[in-house]
Amino acid sequence: MARLEANLAALRVLRRLQREEREATGDERRVLARWSSWGALPNVFDPSQERTKARRVQYEAAQAELRELLSDKEYAAARRTTLNAHYTDAAYVRIIWRALQALGFTGGRVLEPGSGVGTFIGMAPAGAEMTGVELDSVTAAISQALYPQARIVNEAFEHSRVKTGEYDAAIGNVPFHSARLSDPRHNPGNYPMHDHFIIKALEGVRVGGVAAFITSTGTMDKTSKAARAEMAELADLVCAVRMPNGAHAAAAGTDVATDLLVFRRKAPSHKRQGAVFARTEKLPSEDNKVMDVNEYFLGRPHNVLGTLVPGRKRGEKYRPEVRAGRGDTAARLQDALDREIAAALADGLVMTANPERRHEEPAGPDARTRFGQDAERFDGRIIPLDDGSFWAARLEDSEPHPCPKTQRKELRALLDIRDAVSDLLDAETSPNTDEGYLAYLRGALNMHYDSYVATYGPVTRFTRQERTRKLAWDDVPEALSEQLQDAALDVAGRLGSKQQDAIDNLGDGTLVDDDLKVLADWSPAAVVRGCRQGRQRPARLCAPGNGDAGRSGPAVNVPTGPVAPPAARRCGALFRNPLRTVEGWIS
């Protein structure tokens, strides 16, 4: 109950600070620092799950106070944090920061995805300019009250705008969950949350920067190597250490095993310097229970802080767990990192300087400054600047809008038309606008449009070309998605230009018909090999009643599901579409 009482006390202090609009005192910060969210206390939201009457009564009282301290929206958000809000022991945080410093980090911008209450922020070395991204509004507010010098962004990390090379380092304990979040730019591969967050954070780190993440063992041990291959494209693996089950029990109330992964960011064109960690291998236990274990740990068993044993069964295999060995886990983690960092330093796998960064970045208007109360409506609006360049005014992280010099005058003319249309529509929807002003706005719009047409030609002079529809990975069943990506990885390096184009499209997260045909011919993966063995030719989507609809659909593997009814078979369709992109049948 001490954890529960500490959380409630921190909430009371937060509400008092918000009412009085002031910073926390030293004593209040000590209370706030004990906040641990609700990952280890799920029953506070459902006291009936407690076994004893005394505990149920305590949790019911706590639940009632929570409803008073939180709004309905905050209460619902707090309940969701029981899935993955587990914080990091301060002893491990100190060790991880020391590892980054040993690799050469002396200061700079640092990103922490899923920053929680801010343990990594609070223990950051001097010179670290911390940015934490935290979904839960209460936790973000507590973190900001604890560390006013840091930038705490209260939003979902999948919605955060992370610029390539924006940070010098990244650090944190990413949330573990199998949920696959929509983030077209940073998660086209539709990876689980922990893999997604690591990849996105690595993309935000500059070349030569360093990163360290505590993550689920699934990142390294899942059969599909697609996410790991993407990480390897972005960064060299400096080292990895597997921590035992129970290592986070005291601070986080969770018993799972975890991995600490340390990276050095590299350019895509650079050769790999770090360790190999793409594949997994089968490891039988003493009682012949088979586990998938990453090749990195099989080659470096001393980096597993305990004994690998079979845990929960998944299909025909067992998830590896780690039975803790003798000695303090933090001390053993420090020893493992000291050994691996020393080897990395000897190999030159260290943080490098960043001479290309400008100390003064270009400044332009943000959406709130430019549009005031309409800022959300105009988030991302392109603004022409006096020097002839353009700026995308956003709510957060406004940025230059690139435009070739040869097209600047035309873009400015188009923006004049856009603004004239916007002004006219706003006036027409206002009940107090007189006809004279509307006539003036219509005349201004006509003037801008006629001027554009006289100079450049009609706006509609361009011809729209329909291209083959691409299939996003969000549309593909998880198993098929992973098999296709692994198929491409298996044959990379011995392909012709067409095959390499298909690999590139996989990397972009999209495929078209021809790409899948190429993979069917070249890939050893079972998902497409079946087509080559004559069991079934590659299928195409075909909506009922439209025999030509299949032209825009992707090729897929052996179809599943019931046979199509006669009406659908007449247009060539045979099986129900397994990709769920349209309700239809495939031929």
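What you see is a predicted model, and the numbers here were worked out from it, not measured in a lab.

Asker: Which residues make up the sheet that holds strand β13 (residues 390–393), and what are the values?
Answerer: Adjacent strands of a sheet form backbone hydrogen bonds with each other and so pair up, either parallel or antiparallel. Pairing within the open sheet is antiparallel, and its 3 strands lie in the order β12-β13-β14. With partners counted over all chains shown, the strands left at the sheet margins are β12 (381–384) and β14 (399–400), one partner each. One ladder, built from 2 bridges, connects β13 with β14; its direction is antiparallel. Bridge pairing in β14 places Trp391 opposite Pro400. The strands touched by helix α15 (residues 408–428) are β12 and β13; relative to β12, the strand with the most contacts, the crossing angle is about 120°.

Asker: Hey, could you go over the sheet that holds strand β3 (residues 151–154) for me, with residue numbers and the actual values?
Answerer: Read from one edge to the other, the open sheet built from 7 strands follows the order β3-β2-β1-β4-β5-β7-β6, with strand pairing classed as mixed. Of all the strands in the sheet, the pair left with one neighbour each is β3 and β6 (235–243). The sheet shows a mean angle of 15° between the axes of neighbouring strands, direction not considered. Sheet topology note: the strand β1 (residues 108–113)/strand β4 (residues 167–173) ladder contains 2 bridges and is parallel. The residue of β4 that forms the bridge with Leu111 is Ala170.

Asker: How would you summarise the pattern of salt bridges if you had to cite specific residues and measurements?
Answerer: As enumerated under the stated definition, the model contains 20 salt bridges in all. Residue Lys200 pairs with Asp183 through a salt bridge whose shortest N-O separation is 3.0 Å. Here Lys200 is found in helix α8 (residues 193–204), whereas its partner Asp183 is found in the loop between β4 and α8, with 17 residues between them in sequence. A residue is classified by how much of its surface remains accessible, and Asp183, at 6% relative accessible area, is buried. The salt bridge involving Lys317 is made with Asp292; its shortest N-O contact spans 2.9 Å. Pair noted here: Lys317 is in strand β11 (residues 317–324) and Asp292 is in strand β9 (residues 290–294), with a separation of 25 residues, a long-range link.

Asker: Can you break down the nonpolar core residue by residue, with the values?
Answerer: Considering soluble globular proteins, one finds that nonpolar side chains tend to be buried as a cluster. Counting 104 residues, the largest nonpolar core has Leu32, Trp38, Trp97 and Phe263 as its most contacted members. Of all hydrophobic cores here, the second largest spans 9 residues; its members include Ala413, Ile417, Ala420 and Leu438.

Asker: Account for the pairing of β12, with residues named and values stated.
Answerer: Regular strands place side chains that alternate from one sheet face to the opposite one. In the sheet, β12 pairs with β13 via 4 bridges, with the strands oriented antiparallel. Pairing of Ile382 across the sheet is with Ala392, part of β13. Counted along the chain from β12 to the antiparallel partner β13, the turn is 5 residues long, and its residue Gly388 has a positive phi close to 95°.

Asker: Break down helix α13 (residues 329–346) for me, citing the residues and quoting the values.
Answerer: For α13, with 18 residues, the first-to-last C-alpha span of 26 Å sits near the 26 Å given by 1.5 Å per residue. Along its buried surface, α13 packs onto α5 (90–102), β6, β7 (258–265) and α12 (295–299). Two to three positions downstream of the cap, the backbone nitrogen of Ala330 sits 3.4 Å from a side-chain oxygen, assigning the N-cap of α13 to Asp328. Among the residues trailing α13, Gly348 stands out with phi positive, at a value near 75°.

Asker: Mind laying out the packing of α15 against helix α16 (residues 435–456), listing which residues take part and the relevant values?
Answerer: Between α15 and α16, whose axes approach to 9 Å, the crossing angle comes to 160°. Between α15 and α16, the interaxial angle falls into the category roughly antiparallel. Regarding α15 and α16, the two cross each other, and that crossing is left-handed. Residue-level inspection shows Lys409, Glu410, Ala413, Leu414, Asp416, Ile417, Ala420, Val421, Asp423, Leu424, Ala427 and Glu428 of α15 in contact with α16, the latter providing Tyr437, Leu438, Leu441, Arg442, Leu445, His448, Tyr449, Tyr452 and Tyr456. For the contact of α15 with α16, a count of residues per class yields 14 nonpolar, 1 polar and 6 charged.

Asker: Can you tell me about the packing of aromatic side chains, naming the residues and giving the values?
Answerer: Counted by the stated rule, this structure contains 8 aromatic pairs. Summarising the aromatic geometry, the rings of Tyr296 and Phe297 are spaced 5.4 Å apart at their centres and angled 90° between planes, so their arrangement reads as edge-to-face. Just as Tyr296 is buried, Phe297 falls in that class too. The interplanar angle of 20° and the centroid separation of 6.2 Å between the aromatic rings of Tyr437 and Tyr440 together place this pair among those described as stacked. Here the residue Tyr437 and the residue Tyr440 both occupy positions in helix α16, the gap between them amounting to 3 residues, near one helical turn. For Tyr437, a relative accessible area of 42% translates into the label partly exposed. Taken together, the aromatic side chains of Phe213, Phe263 and Phe277 make up a single cluster linked through ring pairs. Above the ring of Tyr75, the side-chain terminus of Arg67 is found at 4.0 Å from the ring centroid. In this structure, Lys200 packs its charged tip against the face of Phe157, placed 5.0 Å from the ring centre.

Definitions and limits used
- Residues numbered from 1 in each chain as written.
- Predicted model: local features only at pLDDT ≥ 70, side-chain atom pairs only at ≥ 80, totals over all residues.
- Heavy atoms only, no water.
- Pairing = 2+ DSSP bridges.
- Helix = DSSP H or I, 4+ residues; strand = E, 2+ residues; numbered from the N terminus.
- Contact = heavy atoms within 4.5 Å.
- Axes fitted to C-alpha atoms, helices over the stretch in contact; angles between N-to-C directions.
- Salt bridge = Lys/Arg side-chain N within 4 Å of Asp/Glu carboxyl O.
- Buried < 20%, exposed > 50% of the residue type's maximum accessible area, 1.4 Å probe, protein only.
- Core = buried A, V, L, I, M, F, W, Y, C linked by side-chain atoms within 4.5 Å.
- Expected span 1.5 Å × (residues − 1).
- Polar contact = N/O pair within 3.5 Å; in protein donor to acceptor, adjacent residues only side chain to side chain.
- Parallel < 35°, antiparallel > 145°, perpendicular 65-115°, else oblique.
- Left-handed = near helix turned anticlockwise from the far one by under 90°.
- Nonpolar A, V, L, I, M, F, W, Y, C, P; charged D, E, K, R; others polar.
- Phe/Tyr/Trp six-rings, centres within 6.5 Å; stacked < 30°, edge-to-face > 60°.
- Lys NZ or Arg CZ within 6 Å of the ring centre and 35° of its normal.

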